Amino acid sequence: NTDRIRSEVFRSKIVTADEAAELIHDGAAIGFSGFVGAGYPKAVPAALAKKAESLHAKGEPFQVRVYTGASTDHALDGILAESDAVSFRTPFSTDGSLRRQINSGHVGYIDTHLSHLAQQVEEGFLDHLDFAVIEISGIDEEGHLIPSTSLGNNKTWLEQADKVILEVNEWQPEALNGVHDVYYSVDVPPHRKPIPLVTAHDRIGRPWLEVDPEKVVGVIETEGGDRNTKFTPLDDVSKAIGDNVVRFFQQEEAAGRLPKGTLLPLQSGIGNVANAVLAGLERAGYKGLECFSEVIQDGMLALIKSGTVSLASATALSLSPDAVDEFRDNIDFYNKHIILRPQEISNNPELIRRIGVVAMNGMVEADIYGNVNSTHVAGTKMINGIGGSGDFARNGYISIFLSPSEAKGGKISAIVPFVSHVDHTEHDTMVVVTEYGFADLRGKTPRQRAEAMIAIAHPDYRDQLRDYFERACARPNAGQTPHILPEALSWHQRFLETGSMRADD
Ligand code: 0RQ
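Residues numbered from 1 in each chain as written. Predicted model: local features only at pLDDT ≥ 70, side-chain atom pairs only at ≥ 80, totals over all residues. Heavy atoms only, no water.

So what exactly am I meant to see when it comes to the nonpolar core here?
General note: in soluble globular proteins, nonpolar side chains tend to be found buried as a group. Within the largest apolar cluster, 68 residues are counted, with the highest numbers of intra-cluster contacts made by L166, F249 and I400. Leaving out residues up to four positions away in the same chain, L166 has contacts with F10, I134, I136, I139, L145, L158, V216, G218, V219 and I220. By size, the runner-up hydrophobic cluster in this structure holds 32 residues, among which are I30, V86, V107 and V133. (Core = buried A, V, L, I, M, F, W, Y, C linked by side-chain atoms within 4.5 Å. Buried < 20%, exposed > 50% of the residue type's maximum accessible area, 1.4 Å probe, protein only. Contact = heavy atoms within 4.5 Å.)

Shown next, in the form of structure tokens:
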């Protein structure tokens, strides 16, 4: 069935996934589509994994270098990793099999800011791309590519790669046509100009992607659903974090630092805590909010339906099965409230700073002075990557980090004397929220920050933090930011040795 491919030029290039995989050589650098489980190619990765396994069985090498938008799915990252077909990966990834290979040093991994990757490839800082493998939902008569559920880095991969393989996925609703806004004039220095976007709801580009048909070496027809992340129901801790974010917003509205009732465009990270924050906004009765974010997840869809959110700008639509049904049943309604953009636009520092985005991201841990670790357990083991959190935190009007005060059943405190890895420095952190409250670090000196941070730590860890801080301050020449250096990472060391950060365990 080829009615999604309406251009004769592209119809003449239809091949099977195996035929397309045959074209890809050992060592190839490939730009794949895909952002947080949405819009990743469904057929070529499996064909590449099969090819790798059969070549490896004959003792021949076959591995590729994988560039994406952000996380994809087990059906891309997982199966390629399990077939030992990945030598390099960037940026954000959530797959368990790939994570193990990254942490064992088997796969080379670079944790890039999501807004940086496209330009760094274009600037020649990273590999030249041999291939782009991009999922789309259709090709129109003029040869325009109708994007699917994520845009990610697709525009740049299509421009930069020597050869292009397209997967036309019939599962993706055709009604997505028109939702996308692809801006084509970002360019690289010294040719870069201001990006003409001044509100979250501006449209500045075209609704389609373009590709030079000469570069297209294969078009594959597929029909398969996105990964569709499941959410766990809100628990008391995440609910309390959501309520504390709302209390912070109410403080800002009362002080005239955020517009009453409408706030400023919101960015909300991925995961259950981010979902809980959105639910908190709905409970608090907000209406007509705008979001300038990177993913639209279930929570955001519910807020659009209730009118809490009037416009959500992002780069991906990443929904659970129930939310997909809801979206498809009411697609004409949702399309009026959604804009999908390339990630170099959704996460663009210039735009985040200009429109005054309120950034809200999860974290692994923060220290008493406000440095934040978003990526590494105990300083060494990568979880997912920095994602877009740095793009938004550094440039946001207000930068908020959120976390339950404890992890792993209370064996780990999310507030520590010193973070074991730094993704966001104290200079980028304005507010930290746990279920115990919010620490507003703006305008505070390091010692005042420490007091505010200790106040939102889990009660079981407050005395331990206070003891560290007071002894650090009491040292001769304690300095601007008091620490006891040999002890600064002792909580992590204790966790590694005993399985707990608690001094009394
Ligand atoms: O692991 O489920 O195995 O117990 O980390 O933690 O509390 O469920 O929180 O889902 O919000 O994830 C930082 C990972 C938080 C995420 C991170 C363990 C914890 C659990 C998840 P288990 P929670 P979340 C937008 C912005 C970086 C990218 C980003 C993230 C698991 O928010 O990836 O912000 N952020 N992008 O037990 C050891 C600690 C821990 C810990 C939590 N201190 N030590 N383990 N965990 N704290 C999206 C994109 O950029 C695409």
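Even after reading the chapter, I still don't get the site of the ligand, so can you show me in this structure?
For the ligand, the set of nearby residues contains 23 residues, the closest of which are E294, V364, N384, G388 and K408. In the model, a nitrogen atom of the ligand is placed 3.0 Å from a nitrogen or oxygen of the V364 main chain. Contacts to the ligand include K408, whose side-chain N or O atom sits 2.8 Å from an oxygen atom. The fraction of the free accessible surface of the ligand (990 Å²) that becomes covered by protein chains is 78%. Grouping the amino acids of the shell around the ligand by side-chain chemistry returns 12 nonpolar, nine polar and two charged. (Near = heavy atom within 4 Å. Polar contact = N/O pair within 3.5 Å; in protein donor to acceptor, adjacent residues only side chain to side chain. Areas by Shrake-Rupley, 256 points an atom, 1.4 Å probe, with all protein chains shown as cover. Nonpolar A, V, L, I, M, F, W, Y, C, P; charged D, E, K, R; others polar.)

Which parts of the structure should I look at to understand the packing of aromatic side chains?
Describing an aromatic ring pair means giving the distance of the ring centres and the angle of the ring planes. This model, assessed by the stated rule, comprises seven aromatic pairs. When the centroid spacing of 5.3 Å and the interplanar angle of 70° are considered together, the rings of F248 and F438 count as edge-to-face. Of the two residues, F248 sits in helix 8 (residues 236–254) while F438 sits in strand 25 (residues 437–440), which places them 190 residues apart along the sequence. F438 sits in the buried class, given a relative accessible area of 18%. Relative to Y334, the ring of F333 lies with its centre 5.1 Å away and its plane at 70°, an arrangement referred to as edge-to-face. For F333, a relative accessible area of 32% gives the class partly exposed. An aromatic cluster of at least three residues, connected via ring pairs, comprises Y67, F88 and W157. A cation sits over an aromatic face here: K42 above Y40, 4.0 Å from the ring centre. Seen from the ring of Y436, R462 lies directly overhead, with NZ or CZ sitting 5.3 Å from the centre. (Phe/Tyr/Trp six-rings, centres within 6.5 Å; stacked < 30°, edge-to-face > 60°. Helix = DSSP H or I, 4+ residues; strand = E, 2+ residues; numbered from the N terminus. Lys NZ or Arg CZ within 6 Å of the ring centre and 35° of its normal.)

Is there a simple way to explain the packing of helix 8 against helix 9 (residues 272–283) in this structure?
For any two helices packed against each other, the geometry comes down to the angle between their axes and how far apart the axes lie. One way to put it is that helix 8 packs onto helix 9 with a least axis distance of 8 Å and a crossing angle of 55°. Taken together, the axes of helix 8 and helix 9 are oblique relative to one another. Of the two elements, helix 8 crosses helix 9, and the hand of that crossing is right-handed. Residues S238, K239, I241, G242, D243, V245, V246 and F249 of helix 8 lie in contact with helix 9, whose contacting residues are V273, A276, V277, G280, L281 and R283. (Axes fitted to C-alpha atoms, helices over the stretch in contact; angles between N-to-C directions. Parallel < 35°, antiparallel > 145°, perpendicular 65-115°, else oblique. Left-handed = near helix turned anticlockwise from the far one by under 90°.)

Is there a simple way to think about the pairing of strand 7 (residues 163–169) in this case?
Remember that side chains alternate between the two faces of the sheet whenever the strand is regular. Of all seven residues in strand 7, six are buried; the element is thus mostly enclosed. Here strand 5 (residues 131–139) runs beside strand 7; their pairing, made up of five bridges, is parallel. Note on strand 7: the bridge partner recorded for E135 is E167. Pairing geometry for strand 7 and strand 8 (residues 216–222), over six bridges, is parallel. Bridging across to strand 8, V164 finds its partner in V216. (Pairing = 2+ DSSP bridges.)

Before we go on, may I ask you to explain the pattern of salt bridges in this structure?
Charged atoms that come close allow side chains of opposite charge to pair. Taken as a whole and assessed by the stated rule, the structure comprises 25 salt bridges. The partner of K305 in a salt bridge is E326, and the shortest N-O contact between them spans 3.3 Å. Of the two residues, K305 is situated in helix 10 (residues 298–306) and E326 in helix 11 (residues 321–329); the sequence distance between them amounts to 21 residues. For K305, a relative accessible area of 52% translates into the label exposed. Note that R442 and D440 form a salt bridge whose closest N and O atoms lie 2.8 Å from each other. Three or more residues joined by partner-sharing salt bridges are found here, namely E252, R257, D440 and R442. (Salt bridge = Lys/Arg side-chain N within 4 Å of Asp/Glu carboxyl O.)

Is there a simple way to explain the sheet that holds strand 17 (residues 372–373) in this structure?
Sheet strands pair via backbone hydrogen bonds, and the direction of the pair is either parallel or antiparallel. An order of 17-16-23 is seen for the three strands of this open sheet, with the pairing classed as mixed. Of all strands in the sheet, those bounded by a partner on one side alone are strand 17 and strand 23 (415–416).

What is the right way to look at the confidence of the model for the protein in this model?
Note: predicted coordinates in regions of low pLDDT should not be interpreted at a detailed level. The pLDDT averaged across the protein works out to 96; a share of 99% of its residues lies at or above 70. Quick note on the complex model: pTM equals 0.96, ipTM equals 0.95. (pLDDT = per-residue confidence, 0-100.)

What should I look at first to understand the side chain of S7 in this one?
With respect to the helices and strands, S7 occurs in the segment before helix 1 (8–11). Of the residues examined, S7 reaches a relative accessible area of 4% and is grouped as buried. For S7, the contacting residues outside a window of four places in its chain are I139, D140, E141 and G143.

What's the story with helix 11 in this structure? I'm lost.
Three- or four-residue spacings in an α-helix give side chains the same orientation, since the helix completes a turn every 3.6 residues. Listed as buried for helix 11 are A323, V324 and F327. Projected down its long axis, helix 11 shows its buried positions confined to an angular sector of 105°, all on one face. For helix 11, exposure combined with an orientation more than 90 degrees from the buried face picks out D322 and D329. On the buried face of helix 11, the contacting elements are helix 10, strand 13 (316–317), helix 12 (331–335) and strand 14 (338–340). (Arc of directions from axis to C-beta.)

Where do I start with helix 17 (residues 459–474) in this structure?
When the terminal C-alpha atoms of helix 17 are compared, their 23 Å separation across 16 residues agrees well with the 22 Å that a helix rising 1.5 Å per residue should span. Where helix 17 is buried, its residues contact strand 21 (406–407), strand 22 (412–413), strand 23, helix 16 (446–456) and helix 18 (490–498). (Expected span 1.5 Å × (residues − 1).)

It is not clear to me how the packing of helix 16 against helix 17 should be interpreted in this structure. Could you clarify?
The N-to-C vectors of helix 16 and helix 17 enclose an angle of 165°; their axes lie 9 Å apart at closest approach. Our classification of the angle between helix 16 and helix 17 gives roughly antiparallel. The chirality of how helix 16 crosses helix 17 is left-handed. Between helix 16 and helix 17, the contacting residues are R447, A450, E451, I454 and A455 on the first element and R462, L465, R466, F469 and C473 on the second. In the contact of helix 16 with helix 17, the residues fall into six nonpolar, no polar and four charged.

Mind showing me how you'd approach unusual backbone geometry here?
What you tend to see is this: most non-glycine residues have negative phi, and most peptide bonds are trans. The linkage connecting T90 with the following residue, P91, adopts the cis geometry, with an omega of -10°. Here P91 lies in the loop between strand 3 (86–90) and helix 5 (96–103). Between P189 and P190 the backbone carries a cis peptide bond, its omega angle lying at 10°. By the secondary structure assignment, P190 is in the loop between strand 7 and strand 8.

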